[in-house]
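The chain contents come next:
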Amino acid sequence: MRLRSVGVALAAMAALLALPVPGPAAAAELPLSQGRTATSSSDENAGTPAAAAVDGDTGTRWSSAASDTQWLQVDLGATASISKVVLNWEAAYGKDYKIQSSADGSTWTDLTSVSGGDGGTDTLDVSGQGRYVRMYGVHRGTQWGYSLWEFQIFGTSGTGTSSCDSANAAQGRPASASSTENAGTPASAAFDGDAGTRWSSQAADPQWVQVDLGSVKDLCKVDLTWEAAYAREFQIQASTDGQNWSTLTSVTGASGGTASYDVSGSGRYVRINGTVRATGYGYSLWEVAVHTGSGGSTNPPVQGGGDLGPNVIVVDPDTANLQQKFDDVFAKQESSQFGSGRYQFLLKPGTYNGINAQIGFYTSISGLGLNPDDTQINGDVTVDAGWFNGNATQNFWRSAENLAIRPSNGTDRWAVAQAAPFRRVHVQGGLNLAPNGYGWASGGYIADSKIDGTVGPYSQQQWYTRDSSVGGWTNGVWNMTFTGVQGAPATNFDSGPYTTLDTTPVSREKPFLYLDGSTYKVFVPAKRTNARGVSWPANAGTSLPLDQFYVVKPGATAATINQALAQGLNLLFTPGVYHLDQTIDVTRPDTVVLGLGLATIVPDNGVDAMHVADVDGVRLAGFLIDAGAANSDTLLRIGQPGANADHSADPTTMQDVFVRIGGAGPGLATNSVVVNSDDVVIDHTWLWRADHGDGVGWDTNRADYGLRVNGDDVLATGLFVEHFNKYDVLWSGERGRTIFFQNEKAYDAPNAAAITHDGIVGYAAYKVADTVTQHEAWGLGSYCNYTSDPTIVQAHGFQVPVTAGVKLHDVLVISLGGKGQYAHVVNNTGAPTSGTDTVPSKLTSFP
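Residues numbered from 1 in each chain as written. Predicted model: local features only at pLDDT ≥ 70, side-chain atom pairs only at ≥ 80, totals over all residues. Heavy atoms only, no water.

Peer 1: Provide a residue-level description of the overall build of the chain, including the pertinent values.
Peer 2: Along its length, the chain carries three helices and 58 strands. Against the globule reference of 29 Å for 847 residues, the chain gives a C-alpha radius of gyration of 29 Å, in line with a compact fold. Taken along its principal axes, the extent of the C-alpha atoms in the chain is 110 × 70 × 70 Å. Considering only intrachain contacts with a sequence separation of at least 6, the fraction spanning at least 24 residues in the chain is 67%. Of the roughly 29,800 Å² of accessible surface on the chain, 48% is carried by carbon and sulfur atoms. Within the chain, one finds 51 positive and 80 negative side-chain charges whose respective centroids are separated by 1 Å. (Helix = DSSP H or I, 4+ residues; strand = E, 2+ residues; numbered from the N terminus. Rg over C-alpha atoms; globule rule 2.2 N^0.38 Å. Contact = heavy atoms within 4.5 Å. Areas by Shrake-Rupley, 256 points an atom, 1.4 Å probe, with all protein chains shown as cover. Lys, Arg positive; Asp, Glu negative; His and termini not counted. Charge placed at Lys NZ, Arg CZ, Asp CG, Glu CD.)

Now the structure itself:
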């Protein structure tokens, strides 16, 4: 036994010695994509984000929504020569898909196409260049979405890559600042290489310090050393001319000290732009160091104009199978309340006979004439509620604009709820705002439209109509408000639903796309004061050619969008869902940001979606902001804190801009919209913390405030704000005005204790801050539906300071079916609601 064991051991040793001796182990090739920024058309849930497909971990994955035409893309950081792409599919794989590359994240080139894929691991040899690479899924292999454990890009760094120089390119260069605290703290002290000298500003927001590097350079890192007076929020920005700035990174929640920020971009000038101070002092920096790339190249300029992308359907009266085109989109969108599909129909001028354009979720229909009557539909544009058993209260997110309708049976049906504007439409007949069968309805908004016949709201609970004309108005349920409407019924709020003002104090119609011959242009209407009736065919305003717009298409990155803005381009978002890894910064006066087909922007990783500087005349219109899974402080901010410039001659306008927190998945935001600038006009918005859909719960989709107004002389016409955890509207600016307000309190308040503050049960739907001395509002309604705890008795719907300069007209509160009650209407005034009969408690004036 012992001898045999020894023999076996010796034989085994001899076999080992006969094997070739291995050399040193070779490290696996690292993909260019690993750890880079990734975005996607959609994520199945918060646990399967785009970043999981490029993290080098085969135990994490990205997965999309369960529909075709989904994509995943990665930003390699610079242009590379791409030789191989490896896709490690989860069970939900792509059967037909493309691998594409792009220099700018907007225009794509096919590297290869795969048909009949069977999942597993696909290794694809390709040849091409690009900074961005994406998998564009055409057809799924399963009923689920697309799902990748890993998406790996291999190749070599090209002319766009660069190493980051350790030297400080800013040291000793010319510097300037918005202000200095005193002569001993100049701008140059932040760039002198001496950690014992510093720049400090005056104690106000915003403030900036900048340096001139002498020539345009690739920028890769910025180091900041703050003194005790640091910035809580700031941007690092770059410019080629010192005038137009692009944001390299936005920082929120900073804690001072020394911090380094990796950036990607180019510029001659670098600026630290502080927007929110962390202390009562100014901003103070010991040192700013700027590091540049060696051997890199600058990003090419973003081009304006071009085609309108894959989800804009342009038709004319001779388009083949026209009715089928409408029907095909409607079949996809009729019940797709939280889907990712987005569509825009554009109808060239002419006469369209015998069509019925049914309009579903995230679908818009618009004429391309300069006037509504240039596009004549002898047929119908229809919204009904068959998908929801005749209940129209969830017919959100759709629109009709700039066309004429001669209804087939004399009356067109537009049975909508919130976020469904009807603008600049000529109805050559009547308009029915109720669904077939007169089921529940909860809308809506009409502006700049002419209805020759009678408008029948029937079951509509509330409605706002502005600067229009109607042949008649048949009835109303609770709150029907009119301003500048020819033919509107007289005010009867003491006994009925009507509030009517003869004119609208300030209005400016929404910008719109039209054809001038064969050339696309955007018409930007002029401001009107004390308006009454439609703005057309006079059409005061200006036209901007499409080449002055960056036409944003699915896959575009926030960096490219900001670069376009910095170049002086406007933005035209085509239908799609856009994930942002940095805040869109609108800094140029009179910039137009226009969306088609309810284009949707989603801020990722807790960034804010959009900031607008305190400048004149920015136009925001026609898009949806959908909160991301990580908490954003403010989804849309107009003007930085402390803004106080006078914009009365050319106000910023926010029109058909909608905000959603939850419903399409978990979403979080402390504030939905904050208005710091003066004179802003908010013309039709729906700010909605979701009460149904996915990702809904008291803390799951928490959002404390819907609208916060800090600027003076702000006007809101058509304000819909619902379900926020604290105040739906908190108005702190002076001389504010609201015409029409619709609100529901959060259904899911778990109990009275959760919403009790300052000894008050429930946060008012609309609170005017105690410091305000002048404010006025007309046609206001708040409803409670406390489904989680029907015993809650909310103290009041509205809370305002009691002073002669603060006036409310035609105010009501309602208990929906007895699910909770109101004790008062305004402050401690007004009868309580009671029972289950949904009878409003009203005040025609306060005080």
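Peer 1: Go over unusual backbone geometry with me, naming the residues and quoting the values.
Peer 2: Across the junction of Trp536 and Pro537, the peptide omega takes the value 5°, indicating a cis bond. With respect to the helices, strands and loops of the structure, Pro537 is situated in the loop between β33 (527-531) and β34 (541-545). Geometrically, the link from Phe846 to Pro847 is a cis peptide bond, its omega value of -5° lying close to zero. The backbone of Tyr438 sits at a positive phi, close to 60°, despite the residue not being glycine. Examined against the element boundaries, Tyr438 turns out to sit in the loop between β24 (430-432) and β25 (445-447). A relative accessible area of 51% means that Tyr438 is categorised as exposed. Non-glycine residue Asp590 carries a positive phi angle of around 65°. (Buried < 20%, exposed > 50% of the residue type's maximum accessible area, 1.4 Å probe, protein only.)

Peer 1: Let's hear about the layout of surface pockets: which residues, and what values?
Peer 2: Each pocket or cavity is described by its volume, and for the second largest pocket that value is around 520 Å³. Residue composition of the lining of the second largest pocket, grouped by class: 10 nonpolar, 12 polar and three charged. (1 Å grid on protein atoms, 1.4 Å probe; cavity = no way out; pocket = protein on both sides within 12 Å on 5 of 7 lines; lining within 4 Å. Points joined across faces, edges and corners; volume = space filled by probe spheres on them. Nonpolar A, V, L, I, M, F, W, Y, C, P; charged D, E, K, R; others polar.)

Peer 1: Lay out the side chain of Gln100 with the relevant residues and their values.
Peer 2: With respect to the helices and strands, Gln100 occurs in strand β4 (residues 94-102). In this structure the side chain of Gln100 is engaged in a polar contact, spanning 2.8 Å, whose partner is the side chain of Asp110. A polar side-chain atom of Gln100 sits 2.6 Å from a polar atom in the side chain of Arg134. (Polar contact = N/O pair within 3.5 Å; in protein donor to acceptor, adjacent residues only side chain to side chain.)

Peer 1: I'd like a description of helix α3 (residues 558-566), backed by residues and values.
Peer 2: Within α3, eight of the nine residues are buried, which leaves the element mostly enclosed by the surrounding structure. Taken as a whole, α3 has its buried residues at Ala558, Thr560, Ile561, Asn562, Gln563, Ala564, Leu565 and Ala566. The inward-facing, buried residues of α3 contact β6 (121-140), β13 (246-251), β35 (549-552), β36 (570-573), β37 (577-580) and β38 (584-586).

Peer 1: An account of helix α2 (residues 322-333) is requested, with residue identities and associated values reported.
Peer 2: Spanning 12 residues, α2 covers 17 Å between terminal C-alpha atoms, matching the ideal 16 Å at 1.5 Å per step. Within α2, the full set of buried residues consists of Leu322, Phe326, Val329, Phe330 and Gln333. Each buried residue of α2 sits inside an arc of 100° when the element is viewed along its axis, so together they form one side. Exposed and oriented more than 90 degrees from the buried face of α2 are Ala331 and Lys332. In this structure, the buried residues of α2 make contact with β16 (312-315), β17 (343-347), β18 (350-358) and β19 (363-367). (Expected span 1.5 Å × (residues − 1). Arc of directions from axis to C-beta.)

Peer 1: Run through the confidence of the model for the chain, naming residues and quoting values.
Peer 2: Low pLDDT marks stretches whose predicted atomic positions should not be read closely. Of the residues in the chain, 95% have a pLDDT of 70 or more, and the chain-wide mean is 92. Note on residues 1-27: pLDDT under 50 across the span, and zero contacts to partners over four residues away in sequence or across chains. (pLDDT = per-residue confidence, 0-100.)

Peer 1: An account of the packing of aromatic side chains is requested, with residue identities and associated values reported.
Peer 2: The full count for this structure, using the stated rule, is 34 aromatic pairs. Taking 4.9 Å as the distance between ring centres and 20° as the angle between the ring planes, the aromatic pair formed by Trp387 and Phe388 counts as stacked. Relative to Tyr783, the ring of Trp478 has its centre 5.2 Å away and its plane inclined at 65°; by these criteria the two rings are edge-to-face. Here Trp478 is found in the loop between β27 (462-473) and β28 (479-486), whereas its partner Tyr783 is found in strand β53 (residues 775-784), with 305 residues between them in sequence. In this structure Trp478 comes out as buried when scored by relative accessible area, which is 9%. Residue classification places Tyr783 among the buried residues on the basis of a relative accessible area of 1%. (Phe/Tyr/Trp six-rings, centres within 6.5 Å; stacked < 30°, edge-to-face > 60°.)

Peer 1: If you had to explain the environment of Asp646 to someone new, which residues and values would you point to?
Peer 2: Relative to the helices and strands, Asp646 is located in the loop between β42 (632-638) and β43 (653-661). As for Asp646 and Val222, which are separated by 424 residues in sequence, their C-alpha atoms are 35 Å apart. When neighbours within four sequence positions are excluded, Asp646 is seen to be in contact with Asp616 and Asp679.

Peer 1: Residues and numbers for the sheet that holds strand β46 (residues 705-709), please.
Peer 2: Within a sheet, each strand pairs with its neighbour through backbone hydrogen bonds, oriented either parallel or antiparallel. Across the sheet, eight strands lie side by side as β38-β40-β42-β44-β46-β48-β52-β55; this open sheet has parallel pairing. Each of the sheet's edge strands pairs with one partner strand only, and the pair in question is β38 and β55 (798-799). With three bridges joining them, β46 and strand β48 (residues 729-731) adopt parallel strand pairing. What sits directly across from Arg708, in β48, is Leu730. (Pairing = 2+ DSSP bridges.)

Peer 1: Break down empty space enclosed by the protein for me, citing the residues and quoting the values.
Peer 2: Summed over all chains, the structure comprises five cavities of 30 Å³ or more. By volume, the largest cavity is sized at about 220 Å³. Around the largest cavity sit 23 residues that line it, and Gln344, Ser399, Glu401, Lys510 and Gly595 are the ones nearest its centre. The set of elements that each furnish at least two residues to the lining of the largest cavity consists of β17, β19, β21 (398-406), β31 (512-516), β39 (592-603) and β43. Element by element, the count of residues in the lining of the largest cavity is highest for β39, at five residues.

Peer 1: Account for the sheet that holds β34, naming residues and giving values.
Peer 2: Overall, antiparallel pairing links the three strands, which are arranged β31-β32-β34 in an open sheet. Unpaired on one side and paired on the other, β31 and β34 mark the two borders of the sheet. Direction aside, neighbouring strands of the sheet carry axes that sit 40° apart on average. (Axes fitted to C-alpha atoms, helices over the stretch in contact; angles between N-to-C directions.)

Peer 1: Mind laying out the environment of Ala753, listing which residues take part and the relevant values?
Peer 2: With respect to the helices, strands and loops of the structure, Ala753 is situated in the loop between β49 (736-744) and β50 (756-757). On the accessibility criterion, Ala753 (62% relative accessible area) is exposed. When the C-alpha atoms of Ala753 and Ile792 are compared, they prove to be 9.3 Å apart, with 39 residues separating the residues in sequence.

Peer 1: Tell me what's going on with the environment of Gln171, and back it up with residues and numbers.
Peer 2: Tracing the backbone through its elements, the reader meets Gln171 in the loop between β8 (163-164) and β9 (175-177). The sequence separation of Gln171 and Gly193 amounts to 22 residues, and the corresponding C-alpha distance is 6.0 Å. Apart from the residues lying within four places of it in its own chain, the contact partners of Gln171 are Phe191, Asp192 and Gly193.

Peer 1: Hey, could you go over the pairing of β16 for me, with residue numbers and the actual values?
Peer 2: Successive residues of a regular strand alternate their side chains across the two faces of the sheet. Both β16 and β17 contribute to a ladder of four bridges, which runs parallel. Bridge pairing in β17 links Ile313 to Phe345. Handedness of the β16-α2-β17 crossover: right-handed. (Right-handed = clockwise from strand over helix to strand, strands pointing away.)

Peer 1: Explain the pattern of salt bridges residue by residue, including any values.
Peer 2: Tallied over the entire structure, the rule returns 35 salt bridges. Between Lys510 and Glu401 there is a salt bridge, with its nearest N and O atoms 3.0 Å apart. Within this pair, whereas Lys510 is found in the loop between β30 (504-508) and β31, its partner Glu401 is found in strand β21, the two being separated by 109 residues in sequence. Of the residues examined, Glu401 reaches a relative accessible area of 8% and is grouped as buried. (Salt bridge = Lys/Arg side-chain N within 4 Å of Asp/Glu carboxyl O.)

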